[in-house]
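Spelled out from the first residue to the last, the chains are:
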Amino acid sequence: MSRSLARRLSRPDGGRWSHAAFVVPFLAAYLLLLVLPLMRGLWISLHEIDMLSESSEFVGLKNYTELWADDVFRGAVRNTFAFVLMSTPVFVVLGLALALALNRPGRLGAALRAVFFGSSVLSVTIVTLVWRLVLMPDRGLLSNAMVSLGLSPIAPLTSESLALPAVAVVTVWWIIGLPMMLFLAALQQIPQDIYEAAALDSASRWRTFTRITLPSIRRTVVLVAVIEAILQFQLFGQVQLMTLGGPNNSTRPIVMFIYESGFQAWALGYAAAASQVLFGFMLLAVTVQVWLARRKDEA
Amino acid sequence: MTGGRLGDRLVLAAVVALAVVWLAPLAWVFALSFKPNEVLQVRTDVMLSPPFTLKNYTDILANSQVFQWIVNSLVVALGQTFLVLVLSSLAGYGFARTRFPGQRWLYVFVLAGLAVPEQAIVIPLHRMFAEHELHNTYAALILPRLAAPFGVYLMTQYFKAIPADIEEAALLDNASRFRIFWRIVLPLSLPAQATLGIFTFLTAWNDYLWPLVSASKPEMYTLTVGLASTQTNFAQSGGLGFLMAQAVFAGLPIFIVYLFFQKYIVSAVAGTTVR
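Given the structure is predicted, the values throughout are model-derived calculations rather than measurements.

Rules used in this analysis
- Every residue gets a number counted from 1 within its own chain, in the order that chain's sequence is written.
- For this description, chains carry letters from A and ligands carry numbers from 1, given in the order in which they are written.
- Thresholds applied to this predicted model are a pLDDT of at least 70 for local features of residues and 80 or more for the giving and counting of side-chain atom pairs; totals over whole chains, interfaces and linings are not thresholded and use all residues.
- Heavy atoms from the whole structure form the basis of all side-chain values; hydrogens and water molecules are not counted.
- We count a stretch as a helix when DSSP gives it H or I for four or more residues in a row; a strand needs E for two or more, and each element gets its number in order from the N terminus.
- Note on method: radius of gyration uses C-alpha positions; expected globular size equals 2.2 Å times residues raised to 0.38.
- Here's how the labels work: a residue is buried when its accessible area is under 20% of the maximum for its type, exposed when over 50%, partly exposed in between, all with a 1.4 Å probe on protein chains only.
- Any pair of residues with heavy atoms lying within 4.5 Å of one another is described as a contacting pair.
- Accessible surface area values rest on a Shrake-Rupley calculation with a 1.4 Å probe, where residue burial reflects the displayed protein chains alone.
- Charge assignment: positive for Lys and Arg, negative for Asp and Glu; neither His nor the chain ends contribute.
- Charged side chains are reduced to one point each, which is NZ for Lys, CZ for Arg, CG for Asp and CD for Glu.
- Two parts placed together each lose some accessible area under a 1.4 Å probe, and the buried area is that loss summed for both.
- Each salt bridge in this description consists of a side-chain nitrogen of Lys or Arg and a carboxyl oxygen of Asp or Glu lying within 4 Å of one another.
- We call two N or O atoms a polar contact when they sit within 3.5 Å, provided that within protein one can donate a hydrogen and the other can accept it, with sequence-adjacent residues counted only if both atoms are side-chain atoms.
- Pairing of aromatic rings covers Phe, Tyr and the six-membered ring of Trp, with a centre-to-centre limit of 6.5 Å; geometry is then stacked below 30 degrees between planes, edge-to-face above 60, and tilted otherwise.
- Any Lys NZ or Arg CZ found within 6 Å of a ring centre and within 35 degrees of that ring's normal is scored as a charge over the ring.
- By this rule the span expected of a helix is its residue count minus one, scaled by 1.5 Å.
- Values of pLDDT, which run from 0 to 100, indicate the predictor's confidence residue by residue.
- Here an angle of 0 to 180 degrees is reported between the N-to-C directions of two axes, which are lines fitted to C-alpha atoms, with helices fitted over the stretch in contact.
- Throughout, a crossing is termed right-handed when the near helix is turned clockwise from the far one, and left-handed when it is turned anticlockwise from it by less than a right angle.
- Residues are sorted three ways: Asp, Glu, Lys and Arg are charged, Ala, Val, Leu, Ile, Met, Phe, Trp, Tyr, Cys and Pro are nonpolar, and all the rest, Gly among them, are polar.
- Residues forming no salt bridge and having over 30% relative accessible area are the ones grouped into patches, like charges within 9 Å of each other and nonpolar side chains (Val, Leu, Ile, Met, Phe, Trp, Tyr) within 5 Å.
- Residues enter a nonpolar core if they are buried and are Ala, Val, Leu, Ile, Met, Phe, Trp, Tyr or Cys, with the set joined through side-chain atoms within 4.5 Å.

### Some thoughts on the overall build of chain A
Phase 1 of the analysis: When you go through chain A residue by residue, the secondary structure sums to 15 helices and two strands.
Phase 2 of the analysis: A compact globule built from 299 residues should have a C-alpha radius of gyration of about 19 Å, whereas chain A, at 25 Å, is more than 25% larger.
Phase 3 of the analysis: Expressed along its principal axes, the backbone C-alpha trace of chain A runs to roughly 80 × 75 × 40 Å.
Phase 4 of the analysis: In chain A, which comprises 299 residues, the share counted as buried stands at 51%.
Phase 5 of the analysis: Expressed as a percentage of contacts within chain A between residues at least 6 apart in sequence, the contacts between residues at least 24 apart total 66%.
Phase 6 of the analysis: Accessible area for chain A stands at about 14,500 Å²; split by element, carbon and sulfur atoms hold 64% of it.
Phase 7 of the analysis: Distance from the positive charge centre (23 side chains) to the negative charge centre (17 side chains) of chain A: 14 Å.

### What to know about the interface of chain B and chain A
Phase 1 of the analysis: Contact residues are listed per partner, giving 98 residues for chain B and 97 residues for chain A.
Phase 2 of the analysis: When residues of chain B are sorted by the area they lose upon contact with chain A, Trp22(B), Arg99(B) and Ile123(B) head the list and together hold 10% of the total.
Phase 3 of the analysis: Taken together, the links from chain B to chain A amount to two salt bridges.
Phase 4 of the analysis: One salt bridge connects Arg205(A) with Asp8(B), and the closest N-O pair in it is separated by 3.3 Å.
Phase 5 of the analysis: Along the contact surface separating chain B from chain A lie 16 residue pairs in polar contact (both at pLDDT 80 or more).

### Quick look at the packing of aromatic side chains
Phase 1 of the analysis: For the coordinates displayed, the defined rule picks out 33 aromatic pairs over all chains.
Phase 2 of the analysis: On the basis of an interplanar angle of 90 degrees and a centroid distance of 5.3 Å, the ring pair of Phe81(A) and Phe233(A) is categorised as edge-to-face. With a gap of 152 residues between them, Phe81(A) in helix H4 (residues 71-102) and Phe233(A) in helix H12 (residues 218-233) connect regions that are remote in the sequence.
Phase 3 of the analysis: Between Phe236(A) and Tyr208(B), the ring centres sit 5.9 Å apart and the planes meet at 40 degrees, which makes this aromatic pair tilted. Here Tyr208(B) lies in the loop between helix H11 (190-206) and helix H12 (209-214) and Phe236(A) lies in the loop between H12 and helix H13 (237-242), a pairing that spans two chains.
Phase 4 of the analysis: Three or more aromatic residues link up through ring pairs in this structure, and these residues are Phe22(A), Tyr93(B), Phe159(B), Phe178(B), Phe181(B) and Trp182(B).
Phase 5 of the analysis: Against the face of Trp68(A) rests Arg74(A), its NZ or CZ located 4.9 Å from the ring centre.

### Quick look at helix H5 (residues 107-118) of chain A
Phase 1 of the analysis: Spanning 12 residues, H5(A) covers 16 Å between terminal C-alpha atoms, matching the ideal 16 Å at 1.5 Å per step.
Phase 2 of the analysis: Considered for burial, the residues of H5(A) that qualify are Gly109(A), Leu112(A), Arg113(A), Ala114(A), Val115(A), Phe116(A), Phe117(A) and Gly118(A).

### Let's talk about the environment of Leu268(A)
Phase 1 of the analysis: Its place among the elements puts Leu268(A) in helix H15 (residues 268-298).
Phase 2 of the analysis: For the pair Leu268(A) and Asp201(A), spaced 67 residues apart in the sequence, the C-alpha separation amounts to 65 Å.
Phase 3 of the analysis: Discounting residues that sit within four places of it in the chain, Leu268(A) has contacts with Ile44(A), Ile49(A), Met51(A), Gly262(A), Ile123(B) and Arg127(B).

### A word on the pattern of salt bridges
Between side chains of opposite charge, a pair can form when the charged atoms approach closely.
Phase 1 of the analysis: Applying the stated criterion across every chain, the model contains 10 salt bridges over all chains.
Phase 2 of the analysis: One salt bridge in this structure joins Glu131(B) and Arg40(A), with 2.7 Å as the shortest N-O distance. On the criterion of chain membership, the pair formed by Glu131(B) in helix H6 (residues 118-131) and Arg40(A) in helix H2 (residues 24-44) is interchain, its members lying in two chains.
Phase 3 of the analysis: The partly exposed category is assigned to Arg40(A), whose relative accessible area is 23%.

### Points about the confidence of the model for chain B
Residues and elements named next belong to chain B.
Phase 1 of the analysis: Summarising the model, chain B shows a mean pLDDT of 85, and 91% of its residues fall at 70 or more.
Phase 2 of the analysis: In the model of chain B, helix H2 (residues 37-42) stands out as the element of lowest mean pLDDT, 74, in contrast to helix H7 (residues 138-142), which has the highest, 96.
Phase 3 of the analysis: Overall fold confidence for the complex sits at a pTM of 0.89, while the interface term, ipTM, reaches 0.87.

### Focus: the packing of helix H4 (residues 65-97) of chain B against H11(B)
All names here are of chain B.
Phase 1 of the analysis: Interhelical geometry of H4 versus H11 gives an angle of 140 degrees and a closest axis separation of 9 Å. Read as a crossing pair, H4 and H11 show a hand that is right-handed. In this structure, H4 uses Ser-73, Leu-74, Ala-77, Leu-78, Gln-80, Thr-81, Val-84, Leu-85, Ser-88 and Ser-89 to contact H11, whose residues at the interface are Gln-193, Leu-196, Gly-197, Thr-200, Phe-201, Ala-204 and Trp-205.
Phase 2 of the analysis: Of the residues in the contact of H4 with H11, the class split is nine nonpolar, eight polar and no charged.

### Thoughts on a nonpolar patch on the surface
Residues and elements named next belong to chain B.
Phase 1 of the analysis: Among the surface-exposed residues, Phe-30, Leu-252, Ile-256, Val-257, Phe-260, Phe-261 and Tyr-264 lie close enough to one another that they form a single nonpolar patch of about 660 Å² accessible area.
Phase 2 of the analysis: Sorting elements by how many residues they give to the nonpolar patch places helix H14 (residues 240-273) first, with six residues.
Phase 3 of the analysis: Its location among the elements puts Phe-30 in helix H1 (residues 2-32).

### Regarding the environment of Ala164(B)
Phase 1 of the analysis: By secondary structure assignment, the location of Ala164(B) is in the loop between helix H8 (150-161) and helix H9 (165-172).
Phase 2 of the analysis: According to the relative accessible area criterion, Ala164(B) is partly exposed, its value standing at 24%.

### Focus: the nonpolar core
Phase 1 of the analysis: Among the nonpolar cores identified, the biggest contains 168 residues, and Trp131(A) and Phe95(B) are the most heavily contacted of them.
Phase 2 of the analysis: With 12 residues, H4(A) is the largest single contributor of residues to this core.
Phase 3 of the analysis: Filtering out sequence-adjacent residues up to four positions away, Trp131(A) remains in contact with Val170(A), Trp173(A), Met242(A) and Pro25(B).

### Focus: unusual backbone geometry
Phase 1 of the analysis: Across the junction of Gly246(A) and Pro247(A), the peptide omega takes the value -10 degrees, indicating a cis bond.
Phase 2 of the analysis: Mapped onto the elements of the fold, Pro247(A) is located in the loop between H13 and helix H14 (254-263).
Phase 3 of the analysis: At Trp266(A), a position not held by glycine, the phi torsion is positive, near 55 degrees.
Phase 4 of the analysis: Checked against the element boundaries, Trp266(A) lands in the loop between H14 and H15.
Phase 5 of the analysis: Take Trp266(A): its relative accessible area is 33%, and that puts it in the partly exposed class.
Phase 6 of the analysis: Positive phi, close to 65 degrees, is recorded for Asn136(B), a residue that is not glycine.
Phase 7 of the analysis: With respect to the helices, strands and loops of the structure, Asn136(B) is situated in the loop between H6 and H7.
Phase 8 of the analysis: For Asn136(B), a relative accessible area of 16% translates into the label buried.

The following block contains the structure:
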C-alpha cells in the first residue's frame, strides 16, 4: 500500500469533516435520548414536582436528604446490596464451575451448555411465572418434592428471611448462562501446551487449576464480577412480579422504589434523586472491584 | 491416568444431575399445562397420567389481545433491531475507518454512555415522551434503546479488524467513502450484524421496565408486559393450567428462535466481551 493512501485511510490528526456524517445519526440519538435525559434527571432531582398542578419548585438537595431519612429507601438500599452480595459470588463460582465441567468437545457437552444457557433467552415475565408456580405453598413443585422426601413443605416467597434468597436462586437459574459462556470463551483461549507441560510434571488437578487456569482467566473473573454486579444492582422485574417487595418490605430493591415513587406516587423529583443514588452506587461498586483487581495485580 | 478419568466421569454425572434439576421447573410446567384446571385445583403431583386437555391453550387463543401483544412485540423488536443495526454500522465505520476532527474525544464520549443504566434516565425520558404525547405509540417503545452505545462499540471493534487493503483499490478509483462502506465493508460485516441483530432482538423482546411505564393502554402492551398484566389474579388458583399454558405459549417461540440461532447467540455472548 502506498504511503499517501495509508495516510488517506487513517490520518492520525485532522481528517475530513465530511467523514463525521457517518456518526451523526447515532450521535443525534445518543445526545437526545441518553445525554439529555441524564442531565435532565439531575435537574429534576433538585426539584419538587407536583404532577396535578404541573408546578415545579427548586428545592436544592432536599430530595436527597429526605431519601437519607426515608426508612423504606434505606431498606431498599440494604436489600439491593444484600442481593448483589449474595448473587454475584454465585454467578462467578457456579459460572466458572460449569464452564470448567462443560469445556469439552462432543454432543453431550453442547447439549448441557444449551440447557444452562437456554433459560437466559426467556423474558422475566415467563421466568417469574414458572417459578411462582414452582414455589406455590401447597401445590408447587418444591412442596411436592419436599413432601415426597418426608419433609414439611416451605413457602419461601412468603418468608421474610427466605424471600430475597429465593429471588436470588431464581435469578441465578435465569441468567447463569452469561457468565458460563464468558468463562468458556476465556478457557478456550488458554494455550494447550501449558497444560501439557503441567501433565508432564504430573501436577494435581487442583494445582493445575490454581497455578495455570485461574491466573490465565483472571481478567475474565473480574469482568464477570463487574458485569454481574452491574446487572444485579438493577434488580426489578423478578421482585415486582414475584413478591411486590414483600413480605414486610424484605425484598424491595432500589429500582422498585424508583418505579413506585416515580410512576405510582408521581413524585418525580424524589424518584429522580433515587435514580442518581443508584447510579452512584453502581459506579462506586465497579470502581472498587476494578481497584481491587489492580491492587492484586501489583501484589 | 485412570484416576483422572474417573474424576471426569464423576464431574460429568454431577453436572448431568444438576441439568435435570435445572430443567425440572420447565418440564413440570410444560406437562401440567395439558391438564384440566379442575384436576390441578386438587393436586399437581400427577404429571403423566390422564386426563389431558388442550383447553388451556384454546383459552389463550380465545383471548384475542395476546395476538395484538405478539404483533406489538414483533414490530418493536424488529424495528429496534433494524434501526440499531443501521445506526451502529454507520457510526462504527465512521469511528473505525475514517478520520475527522475531534474523533477520538467523541468516541470516548460515546463509550462513557456504557456506564449509564436505563434506570438512571427512565424518569426524565418518560417525561420527555409525555411532553411530546408519544406514549402508547410504537415510536415511544422503539426509540429509547437506539441511544445504547453497545452496538457502536461492537461494530467499531469489528470494522477495525478488517484489513485496510480491502478498501485500497476502491479508494484508488476515487469511490466515495459511503460507496465503499455500502459495497465493500458492509457485506464483510455480516457475522457481526447477525450477532448484534440477535442480541438486540432478544433484549427488545424481553424488555420490561420501559414498556411497562410507557405503554399504559392494553392494546399497546408488548407480550412481556401483557403477560405480566394477566398474572395479577394469581391467587385465584382456579386457572393454574391456564397460567402454565401461558408460560409455554409465550416461551416456546423465543426458545425455538434460540435453538435456530444458537451458534450466533453463543458467539454474541462469548466473542464480543472477551478481547
